[in-house]
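Structure assessment
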Amino acid sequence: MALLEVENLSAGYGLFQALRGISLAAEEGETLAIVGANGAGKTTLLRTICGALPAMTGRVSFDGTSIENSSAHQLARLGISMVPEGRKLFPSLTVEDNLIIGSYPKRKGFWTVERVYALFPELVKRRNNRGLDLSGGEQQMVAIGRALMANPRLLLMDEISLGLAPIVVNQIYKSLPEISGHGTSIVLVEQDLNRALSVSNHVYCLLEGHVELSGLSAQMDRQALIDAYFGAN
Ligand code: ATP
C-alpha cells in the first residue's frame, strides 16, 4: 500500500466540477510532480488532498486511513503539510517565529529550526527580520521551512517557483532531494515541465480536471507530455 492513495477523486466549486476521477499514488519518500496548464485543476487537487475543499466522490487515503473531508488539524496530526501558493507568511512576525509557528508538538522528528537554517543558509542572517522585509525567494524558503517544522510525512507544494528568478528557483529546487531523502513524500505542482521531470519520480499531467498522461519521470516522453499539457490529442 502506498503512503498516499487517491482514487477516482472528484471535487469542484458549486456545480462546477474541477476534478474528474483523479487517481494517483505516492510511496514513502517519493516525489510526484503535477503539471498542467492554467485551470487544469492542480491547485484544486492539492486543496482536496489537504482537506481544504471537500471531495464530491472518490477516496483519499493516507497510510491506510481515509482522509477525504478531514480537518486541517487532523491532517497536520497525521503528518500532512502544505506549502501554499503565494507563501502566506505572517508578515509582521520574524523569520524565526514564522518557522516556530509551523512546529507541531506531537510531531517531533528530523526537522528543527537549526536544520531548516542548514537547508537554507541564507535565512540565518535574516532570522530576526520580519516576513514582509524578505525577498520573494527568502519568503518561499521560510514557507517551506515552516511546513517542514511539522515534520510531515507528506508535503504538498503549490507552484513554489512562481514569480521567482531562475537562480533562486534553482536554489530552492536543490532542497527537494534533501527533504525527500529524509523520508518525506512530496506532491509538487509545477508549471515548468523540465523542472517537474528533473525533481520527481512520477509525473501526472492534468487536463481539464482529469489525468491526461502519467508515468515515471525518467522514462517520460517529453513530446507526449507537451501534447498532454496542451490537450493536443
Ligand atoms: P493555475 O495554474 O492557474 O493555478 P490550476 O491547474 O491550479 O491552475 P485550479 O486553480 O485548480 O487550476 O482551477 C481549476 C478550475 O477550477 C478552473 O476552471 C478554475 O477557474 C476553477 N476554480 C478554481 N478556484 C475556484 C473557485 N474558488 N471558485 C470557482 N471556480 C474555481
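Residues numbered from 1 in each chain as written. Predicted model: local features only at pLDDT ≥ 70, side-chain atom pairs only at ≥ 80, totals over all residues. Heavy atoms only, no water.

In the annotation of an unreviewed UniProt entry, the entry for the chain reads High-affinity branched-chain amino acid ABC transporter ATP-binding protein, and the organism field reads Celeribacter baekdonensis B30. The Sequence similarities (unreviewed entry) comment attached to the chain in UniProt states, word for word, "Belongs to the ABC transporter superfamily." (UniProt positions renumbered as here; feature names shortened; annotations may be inferred.)

**Examining the overall build of the chain**
In terms of regular secondary structure, the chain is built from 8 helices and 10 strands. Along the three orthogonal principal directions, the C-alpha set of the chain runs to about 50 × 35 × 35 Å. For the chain, the share of sequence-separated contacts (at least 6 apart) that also reach a separation of at least 24 residues comes to 67%. Total accessible area on the chain stands at roughly 10300 Å², and carbon and sulfur atoms take up 52% of it. The distance from the centre of the 20 positive side-chain charges to the centre of the 23 negative ones in the chain is 8 Å. (Helix = DSSP H or I, 4+ residues; strand = E, 2+ residues; numbered from the N terminus. Contact = heavy atoms within 4.5 Å. Areas by Shrake-Rupley, 256 points an atom, 1.4 Å probe, with all protein chains shown as cover. Lys, Arg positive; Asp, Glu negative; His and termini not counted. Charge placed at Lys NZ, Arg CZ, Asp CG, Glu CD.)

**A few points about the UniProt feature "domain: ABC transporter" (unreviewed entry) in the chain**
Here the UniProt-annotated "domain: ABC transporter" (unreviewed entry) positions come out as residues 4-233. The annotated region residues 4-233 carries 32% helix and 27% strand content, and the separation between its end C-alpha atoms amounts to 29 Å.

**Topic: the nonpolar core**
Counting residues in each nonpolar core, the largest one holds 31 residues, and the members touching the most others are Ile144, Met157, Ile160, Leu176 and Ile179. Sorting elements by how many residues they give to this core places helix H5 (residues 136-148) first, with 6 residues. Not counting residues up to four positions away in its chain, the partners in contact with Met157 are Leu46, Val83, Ile144, Leu176, Ile186, Val187, Leu188 and Val189. If you look at the next biggest cluster of nonpolar residues, it comprises 29 residues, including Leu4, Ile22, Leu24 and Leu46. (Core = buried A, V, L, I, M, F, W, Y, C linked by side-chain atoms within 4.5 Å. Buried < 20%, exposed > 50% of the residue type's maximum accessible area, 1.4 Å probe, protein only.)

**Digging into the site of the ligand**
Around the ligand, a shell composed of 13 residues is seen, among which Gly39, Gly41, Lys42, Thr43 and Thr44 lie nearest. One of the backbone nitrogen or oxygen atoms of Gly39 is found 2.8 Å away from an oxygen atom of the ligand. Within the backbone of Gly41, one N or O atom sits 2.9 Å away from an oxygen atom of the ligand. For the ligand, the protein covers 61% of the area, taking 630 Å² as the surface of the free molecule. Contributions of two or more residues to the shell around the ligand are made by strand E2 (16-26) and helix H1 (42-49). The dominant element in the shell around the ligand, judged by the number of residues it contributes, is H1, at 3 residues. A per-class count over the shell around the ligand returns 5 nonpolar, 6 polar and 2 charged. (Near = heavy atom within 4 Å. Polar contact = N/O pair within 3.5 Å; in protein donor to acceptor, adjacent residues only side chain to side chain. Nonpolar A, V, L, I, M, F, W, Y, C, P; charged D, E, K, R; others polar.)

**Details of unusual backbone geometry**
Of note, Asn8 is a non-glycine position whose phi angle comes to about 50 degrees, a positive value. Relative to the assigned elements, Asn8 resides in strand E1 (residues 4-13). Judged by its relative accessible area of 49%, Asn8 falls in the partly exposed class. The backbone of Glu159 sits at a positive phi, close to 45 degrees, despite the residue not being glycine.

**Overview of the pairing of E1**
Most of E1 is tucked away, with 7 of its 10 residues classed as buried. Sheet topology places E1 next to E2; 7 bridges connect them, and they run antiparallel. Across the sheet, the residue bridging to Gly12 is Gln17, located in E2. The turn linking E1 back onto E2 is made up of 2 residues, and Gly14 within it adopts a positive phi angle of 60 degrees. Note: E1 against strand E4 (residues 57-62), 5 bridges, orientation antiparallel. Looking across to E4, one finds that Glu7 is bridged to Arg59. (Pairing = 2+ DSSP bridges.)

**Quick word on the sheet that holds E4**
Pairing within the open sheet is antiparallel, and its 4 strands lie in the order E2-E1-E4-E5. Strand pairing shows two members of the sheet lacking a second neighbour, E2 and strand E5 (65-66), which therefore form its edges.

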